[in-house]
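Residue strings, one per chain:
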Amino acid sequence: MAVGLGLIIVIVLIKYKPMYEVKLSNKSLGYIDNIEEFEETIEDELININGINANYVTLNEQPEYEFKLVSKNTETNEEQIYAMLNEKATVTYKYFAVTLENQAKAYVSTLDQAVQVVEDIKAQYADDVRLNLQIVEEYTENNGEIDVASVETAETAIGDGVEVIKEENKYIKINGVKIESMPLNPNTRIIISSRYGEVSRIRSSSHKGLDLACKTGTDIKTIAKGTVVSAGDSGALGNLVKVNHGNGVQTWYAHCSKIYVAVGQEVEAGDVIAAVGSTGNSTGPHLHLEIHVNGKAINPQLYIYNK
């Protein structure tokens, strides 16, 4: 009996070989030699199938294995099985976002690329502006929703954002309102005749503005865009124009000889709104400029003519 059994085993081994059939939902996908090695390879192979940014793979259905003796001519087909499993898998992709002022400006594939972008941008703009650049890992299951850029393209996109910041930083701001013009032309010959906070015998209280003495008729310009809320005689301040700039900011232009705007008129920074004069309580032609924030006069020299 032992001899007979041995002979049967020999014949079986000559004609057949042991393998494992891989099934998914009872559907045969093919054959493998070693379950342990196959399972160790599944995730890596699926990641390779799905590209460089694939980070990890979750199988929505787990394969089943059945030991079988199959014909010696039967071959394993791991690659085909990986591809079929991939159709049933959820792939998570990882990218690296380079952010500027907490806004994603470009995505690259690797951390090394992201670091290179940040270092190159900082080196390029080190002397111009302080930048808040960060690298953020981002994940998605939809590979098509993220547009991966080359290092060069990413640097161009971020550089465009930096140029916008540089342009914004050109302007001094009052409570968020950009000062884009001086009230008098830069080439106008002026004398600061009275500063904010000065006390003198001709005033009942400290000075609430900045007096810029110059020729009668000199153009007066609004220092920021806004809306005219007052334009006319005001008594002690003479002919007065008030411009509301939003965010609680108003500018007052007093002692004007002429007024060129009307209440409700929208004005841009640099628009001529009046002419220098000496109306009201004034000792000579000058522009009396006041800046108010939330109803309180502040020192104009914190923002203009600050010497």
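**Some details on helix α4 (residues 111–125)**
Then, number 1: Taking 1.5 Å of rise per residue, 15 residues should cover 21 Å, and α4 covers 21 Å from first to last C-alpha, within 8% of that figure.
Then, number 2: Those residues of α4 that sit buried are A114, V117, V118, I121 and Y125. Along the axis of α4, the buried positions cluster into a sector of 95°, meaning they face one direction only. Looking at α4, the residues exposed on the side facing more than 90 degrees away from the buried face are D112, E119 and A123.
Then, number 3: Buried residues along α4 sit in contact with β5 (89–100), β6 (103–108), β7 (133–140) and α5 (151–169).

**Focus on the packing of aromatic side chains**
Then, number 1: Under the defined criterion, the tally for this structure stands at three aromatic pairs.
Then, number 2: Taking the centre distance of 5.6 Å and the plane angle of 70° together, the rings of Y20 and F67 count as edge-to-face. Of this pair, Y20 sits in strand β1 (residues 16–24) while F67 sits in strand β4 (residues 64–71), placing them 47 residues apart in sequence.
Then, number 3: Take Y20: its relative accessible area is 26%, and that puts it in the partly exposed class.
Then, number 4: Given the relative accessible area of 52%, F67 is considered exposed.
Then, number 5: Relative to Y82, the ring of F38 lies with its centre 5.3 Å away and its plane at 10°, an arrangement referred to as stacked. Separated by 44 residues along the polypeptide, F38 in helix α2 (residues 35–50) and Y82 in helix α3 (residues 78–87) bring together distant segments of the chain.
Then, number 6: The exposure class of F38 is buried, given its relative accessible area of 3%.

**So, the pairing of strand β18 (residues 272–275)**
Looking down a regular strand, the side chains alternate between one sheet face and the other.
Then, number 1: In the sheet, strand β12 (residues 219–221) pairs with β18 via three bridges, with the strands oriented antiparallel. Pairing of K221 across the sheet is with V272, part of β18.
Then, number 2: Across two bridges, strand β16 (residues 258–259) lies against β18 in antiparallel orientation. Paired with K258 across the bridge in β18 is A275.

**Quick notes on the pattern of salt bridges**
Then, number 1: Taken as a whole and judged by the stated rule, the model has six salt bridges.
Then, number 2: Close ionic contact of K170 with E167 constitutes a salt bridge, the shortest N to O distance being 3.2 Å.
Then, number 3: The exposure class assigned to K170 is exposed, which follows from its relative accessible area of 56%.
Then, number 4: In this structure, a network of salt bridges that share partners links the residues E168, K173 and K178.

Conventions adopted
- Residues numbered from 1 in each chain as written.
- Predicted model: local features only at pLDDT ≥ 70, side-chain atom pairs only at ≥ 80, totals over all residues.
- Heavy atoms only, no water.
- Helix = DSSP H or I, 4+ residues; strand = E, 2+ residues; numbered from the N terminus.
- Expected span 1.5 Å × (residues − 1).
- Buried < 20%, exposed > 50% of the residue type's maximum accessible area, 1.4 Å probe, protein only.
- Arc of directions from axis to C-beta.
- Contact = heavy atoms within 4.5 Å.
- Phe/Tyr/Trp six-rings, centres within 6.5 Å; stacked < 30°, edge-to-face > 60°.
- Pairing = 2+ DSSP bridges.
- Salt bridge = Lys/Arg side-chain N within 4 Å of Asp/Glu carboxyl O.

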